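# Structural description and commentary
Read off the chains here:
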Amino acid sequence: MNVLVDNFAMFREGFVGTVRLTALASLLALVLGTIIAGFRVSPVPALRVFGVTWVTLLRNTPLVLLFFVVTLGLPALGLRGWDEDWLAILALGCYTSAFICEAVRSGINTVPVGQAEAARSVGMTFTQTLGQIVLPQAVRTAIPPVGSLLIALTKNSAIASGFNVTELGSVQKTLNMDAGYNIYVIFFWIALCYLIITFTISGLFRLLENRLAVAR
Amino acid sequence: MSSASVLYDVPGPKARARNRIYNVASTLLLVGLIVFVIYRFDETGQFQGGLWDDYQYTATQERILDGLVATLKAFGIAAVLSLVLGAVLAAGRLSDHRAIRWSATVVVEFFRAMPLLIMIFLLWAAFFPNDPMWAVVFGLTLYNGSVQAEIFRAGINAVPKGQGEAAYALGMRKTQVMVTVLIPQAVRSMLPSIISQLVVTLKDTSLGSIILYQELLFVGKSFAQQTPPVDGVYAFIPMVIIFGSIYILMCLALSSLATLIERRTRRSAKGAPAGLPATAATVMVDPSHSAEGQPTDPGSTTGASKSGR
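Residues numbered from 1 in each chain as written. Chains lettered and ligands numbered in written order. Predicted model: local features only at pLDDT ≥ 70, side-chain atom pairs only at ≥ 80, totals over all residues. Heavy atoms only, no water.

Going by the annotation in an unreviewed UniProt entry, the name recorded for chain A is Amino acid ABC transporter permease, with Wenjunlia vitaminophila given as the source organism. Database annotation for chain A, UniProt heading Sequence similarities (unreviewed entry): "Belongs to the binding-protein-dependent transport system permease family. HisMQ subfamily." Per UniProt, the comment on chain A under Subcellular location (unreviewed entry) is "Cell membrane". (UniProt positions renumbered as here; feature names shortened; annotations may be inferred.)

What follows is the structure in structure tokens.
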């Protein structure tokens, strides 16, 4: 009990840090993932190759290594002056974008062929077919997997604690070092914080799913 | 294979010309990006011989090998244990007894919702302060075991209902139905997902480097820190390039196994039980559409794409 009361400010900071990290990285991942999914179904071979390479590389790289790539690679490229928060958001967002891309792409693949054919036969262009017919339907099937990917992102954000970002993982680390508290109690409160965030996300996505559900 | 062929017509002369321009433009852009990255690395002195020299020494190579062995050891133990735990938990979730079912559900849901690193920190601080390997192994086991349990359960539920009913009608016992009828059929549809989850397990062994387990990434990190900087440049980029390739190759090898198995089960007529998640993809392989001359998608790994977490 005391752990939470004594260190409430630290917990609050960690909680806000995790929420901020998750929200911004999710935004990046969703935008980037959708763009890359578009690349992967586009008629331009170079873009398709880029999409496949992006997905293959990021899906097979451990996230910790990706954190190293971003935190050490960008300064080497001369892009200095980013603080750790943004680097962590970049790493998490890029990593998750590869998975989001695959979820969106398999969403596109589940739209019945007839839909796109009908759109084509009334003379819609590629952009119209994708934007008005295929994507709105694909989004509905992609929502549940995207929801679980964002939950995975929340959990992955704990890795940022190894890279000097203030969030729940670093709170646990700091408090574990401070002798005098029961580590199980610390774990309990940290776990509760994560459960609050993940339940919120899954609740939001269930809501979204129900709102968008269409009888087919 | 992909739906790409339906989204647009077979390109005519104009569209082909336009696509060619797009293609050239985006190729130039991407090549430009790569050249820029290499140029900047060269400019900032990442390619100086001094930073890479270390990797020529046998001692260095042996340490990399040691790290690799440590990674594979943690992965191997965790993989076996997580499969066992997954089987136990799945059996619990499919049990006829409500108490067992509920407790298995609570365990699965809890460990799936916990960040792996938080679990590993706890195990490290509480049980294995001097032996981080077991913290990594048990953390991976608890997390991946719960995920595997869900995969097993989904696989067994995907076997057509008639199979189990027929077996019961023949007078088989619960265990017999499960072992001789349901599991052999379920394993075929589950294997790609199981292996994708094993890839996740392999990748997550790298979390060990944060709690100072001397695995592959930890070795890389300590190389980068130990190599004396040349002209003020630390040897981080060589480390990232070398160790990144090792990880990517290992994971690709494992996930190509998943693709191979998936392709084999799809090819054999008997091996594709109904109700597979793959049906959505098979709809797309309508012969009337695949004849449009679109290049087949090189990366269509339906099994691996579901890996997620």
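Right, picking up where we left off after that structure.
With that settled, consider the overall build of chain A. For chain A, the count of helices and strands is nine helices and zero strands. Written out in order from the N terminus, the α and β elements of chain A read α-α-α-α-α-α-α-α-α. The principal-axis extents of the C-alpha atoms in chain A amount to approximately 70 × 45 × 25 Å. The buried share of chain A, reckoned over its 216 residues, is 53%. For chain A, long-range pairs separated by at least 24 residues make up 76% of all intrachain contacts whose partners lie at least 6 apart in sequence. Approximately 9,400 Å² of chain A is accessible, and the part contributed by carbon and sulfur atoms is 68%. Distance between charge centres in chain A, computed from 14 positive and 10 negative side chains, equals 14 Å. (Helix = DSSP H or I, 4+ residues; strand = E, 2+ residues; numbered from the N terminus. Buried < 20%, exposed > 50% of the residue type's maximum accessible area, 1.4 Å probe, protein only. Contact = heavy atoms within 4.5 Å. Areas by Shrake-Rupley, 256 points an atom, 1.4 Å probe, with all protein chains shown as cover. Lys, Arg positive; Asp, Glu negative; His and termini not counted. Charge placed at Lys NZ, Arg CZ, Asp CG, Glu CD.)

All right, on to the overall build of chain B then. Across its full length, chain B carries 14 helices and zero strands. Traced from its N-terminal end to its C-terminal end, chain B shows the element sequence α-α-α-α-α-α-α-α-α-α-α-α-α-α. Counting over 309 residues, chain B shows a buried share of 45%. Counted over contacts in chain B with a minimum sequence separation of 6, partners at least 24 positions apart contribute 76%.

All names here are of chain A. Per the UniProt entry, the sites bearing "transmembrane region" (unreviewed entry) are residues 21–41, 61–79, 86–108 and 183–208 in this numbering. Between the C-alpha atoms that bound residues 61–79 there is a distance of 22 Å. The span itself is 74% helix and 0% strand. Taken as a whole, residues 183–208 contains 100% helix and 0% strand, while its terminal C-alpha atoms sit 37 Å from one another.

The next thing to look at is the interface of chain B and chain A. Contact with chain B, which involves 65 residues of that partner, is made by 60 residues of chain A. For the interface between chain B and chain A, the tally reads zero salt bridges. Class assignment for the residues of the side of chain B that touches chain A results in 39 nonpolar, 19 polar and seven charged. (Salt bridge = Lys/Arg side-chain N within 4 Å of Asp/Glu carboxyl O. Nonpolar A, V, L, I, M, F, W, Y, C, P; charged D, E, K, R; others polar.)

What follows is about a nonpolar patch on the surface. Residues and elements named next belong to chain B. Together, Ile-34, Ile-38, Phe-47 and Ile-241 make up a nonpolar patch on the protein surface, roughly 340 Å² of accessible area in all. Assignment of secondary structure puts Ile-34 in helix H2 (residues 13–43). Exposure remark for Ile-34: the relative accessible area of 52% places this residue in the exposed category. (Patch = residues over 30% accessible without salt bridge, like charges linked within 9 Å, V, L, I, M, F, W, Y side chains within 5 Å.)

This part covers the side chain of A:Thr198. By secondary structure assignment, the location of A:Thr198 is in helix H9 (residues 183–212). You can call A:Thr198 buried: its relative accessible area is 5%.

Taken as a whole, this structure holds 16 aromatic pairs over all chains when the rule is applied. With centroids separated by 6.2 Å and ring planes inclined at 55 degrees, the aromatic side chains of B:Phe127 and B:Phe128 adopt a geometry described as tilted. The partly exposed category is assigned to B:Phe127, whose relative accessible area is 48%. The rings of A:Tyr184, B:Phe127, B:Phe128, B:Trp134 and B:Phe138 are connected pair by pair, giving a single aromatic cluster. (Phe/Tyr/Trp six-rings, centres within 6.5 Å; stacked < 30°, edge-to-face > 60°.)

All names here are of chain B. For the structure shown, the criterion picks out nine salt bridges over all chains. Between Lys-174 and Asp-96 there is a salt bridge whose closest N-O contact spans 3.3 Å. Separated by 78 residues along the polypeptide, Lys-174 in helix H9 (residues 174–204) and Asp-96 in the loop between helix H4 (58–93) and helix H5 (98–113) bring together distant segments of the chain. Relative accessible area serves as the criterion here: at 44%, Lys-174 is assigned to the partly exposed category. Residues joined in a network through salt bridges with shared partners are Arg-93, Glu-109, Arg-112, Glu-150 and Arg-153.

This part is about the environment of A:Val52. Mapped onto the elements, A:Val52 comes out in helix H3 (residues 45–59). It is 9.4 Å that separates the C-alpha atoms of A:Val52 and A:Ala37, two residues lying 15 residues apart in sequence.

Turning our attention to the environment of A:Phe50. Here A:Phe50 is to be found in helix H3. Here the alpha-carbon distance between A:Phe50 and A:Ile36, two residues 14 residues apart in the chain, equals 8.4 Å. Aside from chain neighbours lying at most four places away, what touches A:Phe50 is A:Ile36, A:Phe39 and B:Leu30.

All names here are of chain B. Where helix H7 (residues 132–158) contacts H9, the axes come no closer than 8 Å and their chain directions differ by 145 degrees. Crossing geometry of H7 relative to H9 is assigned as right-handed. Within the contact of H7 with H9, the residues separate by chemical class into 14 nonpolar, seven polar and one charged. (Axes fitted to C-alpha atoms, helices over the stretch in contact; angles between N-to-C directions. Left-handed = near helix turned anticlockwise from the far one by under 90°.)

Turning our attention to the nonpolar core. Within the largest apolar cluster, 131 residues are counted, with the highest numbers of intra-cluster contacts made by A:Phe11, A:Val64, A:Phe67, A:Ile159, A:Ile190, B:Met239 and B:Phe243. Broken down by element, this core gets its largest block of residues, 14 residues, from helix H5 (residues 84–110) of chain A. For A:Phe11, the contacting residues outside a window of four places in its chain are A:Val3, A:Leu4, A:Leu168, A:Val171, A:Leu175, A:Trp189, A:Ile190 and A:Cys193. (Core = buried A, V, L, I, M, F, W, Y, C linked by side-chain atoms within 4.5 Å.)

All names here are of chain B. Two elements in contact, helix H6 (residues 116–126) and H7, have axes separated by 8 Å at closest approach and are oriented at 135 degrees. The angle between H6 and H7 places the two elements in the oblique class. Remark: the crossing between H6 and H7 carries right-handed chirality. Contact residues: Leu-116, Met-119, Ile-120, Leu-123 and Trp-124 in H6; Pro-132, Ala-135, Val-136, Phe-138, Gly-139, Leu-140, Leu-142 and Tyr-143 in H7. The residue inventory of the contact of H6 with H7, partitioned by class, reads 12 nonpolar, one polar and no charged. (Parallel < 35°, antiparallel > 145°, perpendicular 65-115°, else oblique.)

Moving on, we get to the state of the cysteines. Residues and elements named next belong to chain A. All chains considered together, the criterion is met by zero disulfides over all chains. Residue Cys-94 stays outside any disulfide, its sulfur separated by 13 Å from that of Cys-101, the closest cysteine. We classify Cys-94 as buried; its relative accessible area is 15%. (Disulfide = S-S within 2.5 Å.)

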